[in-house]
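Residues per chain, in single letters:
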Amino acid sequence: FFFSSRRRHTRSLCDWSSDVCSSDLGRQEGRQEGRQEGEAILILRFLNRRLGQLDDSVFEQVQQLSIPQLEDLAEALLDFANLADLTRWLQEHSG
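Calculation rules
Residues numbered from 1 in each chain as written. Predicted model: local features only at pLDDT ≥ 70, side-chain atom pairs only at ≥ 80, totals over all residues. Heavy atoms only, no water. Helix = DSSP H or I, 4+ residues; strand = E, 2+ residues; numbered from the N terminus. Buried < 20%, exposed > 50% of the residue type's maximum accessible area, 1.4 Å probe, protein only. Polar contact = N/O pair within 3.5 Å; in protein donor to acceptor, adjacent residues only side chain to side chain. Contact = heavy atoms within 4.5 Å. Salt bridge = Lys/Arg side-chain N within 4 Å of Asp/Glu carboxyl O. Core = buried A, V, L, I, M, F, W, Y, C linked by side-chain atoms within 4.5 Å.

1. Re the side chain of Asp85
Here Asp85 lies in helix 4 (residues 83-93). A relative accessible area of 18% means that Asp85 is categorised as buried. In this structure the side chain of Asp85 is engaged in a polar contact, spanning 2.7 Å, whose partner is the backbone nitrogen of Ala81. Polar contacts involving the side chain of Asp85 include one to the side chain of Arg88, which spans 2.8 Å. Not counting residues within four places of it along the chain, the set of residues in contact with Asp85 comprises Asp79 and Phe80.

Okay, structure coming up:
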């Protein structure tokens, strides 16, 4: 009885530990998604101000970029003179 009881207790601790780990992972993924979304929104605002209203396809392409790609775009957009510059950048850096 003693050993079987101890084994059950250990098993429940392991289950609890894996739940905590998966919960932490979920929070980390949520923070990453939130950061990516926030950066995309800010960059889209800058692009709209600099280049005018963006069409939906460009808007969606920017939203699909990773955080490093968004950071690169944030620097590159300072040199954009027109929508063609943005379109060219997206073709070269997406995917």
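Having seen the model, we can carry on.
2. Some thoughts on the pattern of salt bridges
Under the defined criterion, the tally for this structure stands at 1 salt bridge. Of the charged contacts in the structure, one is a salt bridge between Arg88 and Asp85, with a shortest N-O distance of 2.8 Å. Highlighted residues: Arg88 and Asp85, both in helix 4, separated by 3 residues, approximately one helical turn.

3. Section: the nonpolar core
Core analysis: the largest hydrophobic core is formed by 17 residues, its most contacted members being Leu47, Val62, Leu73, Phe80, Leu86, Trp89 and Leu90. Put simply, the parts of the chain that give this core at least two residues each are helix 1 (2-51), helix 2 (56-63), helix 3 (67-76) and helix 4. Take this core: its biggest share by element is 5 residues, from helix 1. Apart from residues no more than four positions distant in its own chain, Leu47 is found in contact with Gly52, Leu54, Val62, Leu73, Leu77, Phe80 and Leu86.

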